[in-house]
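Coordinate inspection notes
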Amino acid sequence: MSKINIADFIENTEVEGPGKRFALWVQGCFRRCPGCCNPHYLDFVPRTIVESEQICKLIEDSKNKHGIEGVTLLGGEPMLQARGLSEIAKFCREIGLSVMTFTGYSLEELKSENIPYTDELLQYTDLLVDGAFEESKKEEKRNWVGSTNQRFYFLTDFYKQGIEYDERFSHGIELRIRPDGSAILNGFPLQAEVVLIHSAHN
Ligand code: SF4
């Protein structure tokens, strides 16, 4: 099992991909895209260092507690922590959960740049969204993505093409107030119906 530097997680969200999902944000990204949703997740600083096994346990707990259908990996840049994330994604496959992965790299870049363990992460990813957010190309039709340059790849048959246009999925954002008073906002702010969730942890 490998260590991962995580920025945050939510054990049950409905705005980061199809259905109820465990969302995991990792810390660190080389890019600085104007308008990035998560500017505080970009610096390469230690945030919370965990073993991939610990995250697997949280995911399994969420499956039992909330009936999540999958996990979404975001950042920061997930491909820069592909070793630990591929272990998590493999575990998800084994327990019947889907994996959706966002990356700022294009799929072509991933194939040519030989970033360690990205092949493994792609192997266990069902739905890949590639491409960095481009502020001048705001997306208004598809679910879950911020700009029109970002592409969906259906790497397995877990999801059907066209799901990114399915209006049954939430277009909102979620605002969580944690017991310590801190707040986390997730989803894409351009599609702004706010759901307020009080939460024991997430
Ligand atoms: S690649 Fe994604 S996470 Fe990185 S700066 Fe761009 S929008 Fe933000």
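Look up a bit, the structure's there.
Structural notes, computed from the coordinates. All values reported here derive from a predicted model rather than from experimental measurement.

Between Gly75 and the following residue, Gly76, the backbone shows a cis peptide bond with an omega angle of 5°. Structurally, Gly76 can be placed in the loop between strand S4 (70–74) and helix H2 (82–94). Phi is positive for Tyr117, which is not a glycine, with a value near 70°. Turning to its location among the elements, Tyr117 is positioned in the loop between helix H3 (107–113) and helix H4 (118–123). Assessed through its relative accessible area of 35%, Tyr117 is described here as partly exposed. Its identity is not glycine, yet Trp144 carries a phi of approximately 75°, on the positive side. You can see Trp144 is positioned in the loop between strand S6 (127–130) and strand S7 (151–154). Assessed through its relative accessible area of 8%, Trp144 is described here as buried.

Attention now goes to the pattern of salt bridges. Applying the stated criterion across every chain, the model contains 15 salt bridges. Arg32 is the partner of Asp43 in a salt bridge, and the nearest nitrogen-oxygen pair spans 3.2 Å. Here Asp43, found in the loop between strand S2 (21–26) and strand S3 (48–51), pairs with Arg32, found in the loop between S2 and S3; they are eleven residues apart in sequence, far enough to count as distant. Given the relative accessible area of 46%, Arg32 is considered partly exposed. Here the residues in one salt-bridge network are Glu108, Asp130 and Arg151, joined through shared partners.

Before going further, it helps to spend a moment on the site of the ligand. By nearness alone, every residue bordering the ligand is listed as Cys29, Arg31, Cys33, Cys36, Leu42, Gly76, Gly104, Ala132 and Phe133. Across the shell around the ligand, the residue classes break down as six nonpolar, two polar and one charged.

Taking 1.5 Å of rise per residue, the 15 residues of helix H1 (residues 52–66) would be expected to cover 21 Å, and the 21 Å separating its terminal C-alpha atoms lies within 8% of that figure. All of the buried residues along H1 are Ser52, Ile55, Cys56, Ile59 and Ser62. The buried residues of H1 occupy an angular sector of 120° when the element is viewed end-on, so they sit on one face. Away from its buried face by more than 90 degrees, H1 exposes Glu53, Asn64 and Lys65. Where H1 is buried, its residues meet strand S1 (3–13), S2, S3, S4 and H2.

Turning our attention to the pairing of S1. Counting buried positions along S1 gives ten out of eleven residues, so the element sits mostly inside the fold. The pairing of S1 with S3 spans four bridges and is antiparallel. Note that in S3 the partner of Ile4 across the bridge is Val50. Two elements, S1 and S2, share five bridges in a ladder whose sense is antiparallel. Considered in S2, the bridge of Asp8 is made with Trp25.

Attention shifts here to the packing of H1 against H2. The contact between H1 and H2 brings their axes to 9 Å, and the two run at 30°. One way to sum up the angle between H1 and H2 is to call them roughly parallel. Viewed along their axes, H1 and H2 form a crossing whose handedness is right-handed. Note on element contacts: H2 touches H1 through Gly84, Glu87, Ile88, Phe91 and Cys92, opposite Ser52, Ile55, Cys56, Ile59 and Glu60. Split by residue class, the contact of H1 with H2 holds six nonpolar, two polar and two charged.

Let's shift gears to the pairing of S2. Counting buried positions along S2 yields six of six residues, so the element is predominantly enclosed. A two-sided burial pattern is seen for S2, the buried positions comprising Arg21, Ala23 and Trp25 on one face and Phe22, Leu24 and Val26 on the other. Across five bridges, the pairing between S2 and S4 is parallel. From the neighbouring strand, Phe22 faces S4, where its bridge partner is Val71.

Each value, and the rule that gives it
- Residues numbered from 1 in each chain as written.
- Predicted model: local features only at pLDDT ≥ 70, side-chain atom pairs only at ≥ 80, totals over all residues.
- Heavy atoms only, no water.
- Helix = DSSP H or I, 4+ residues; strand = E, 2+ residues; numbered from the N terminus.
- Buried < 20%, exposed > 50% of the residue type's maximum accessible area, 1.4 Å probe, protein only.
- Salt bridge = Lys/Arg side-chain N within 4 Å of Asp/Glu carboxyl O.
- Near = heavy atom within 4 Å.
- Nonpolar A, V, L, I, M, F, W, Y, C, P; charged D, E, K, R; others polar.
- Expected span 1.5 Å × (residues − 1).
- Arc of directions from axis to C-beta.
- Contact = heavy atoms within 4.5 Å.
- Pairing = 2+ DSSP bridges.
- Axes fitted to C-alpha atoms, helices over the stretch in contact; angles between N-to-C directions.
- Parallel < 35°, antiparallel > 145°, perpendicular 65-115°, else oblique.
- Left-handed = near helix turned anticlockwise from the far one by under 90°.

What is shown is where atoms sit, not what they do.
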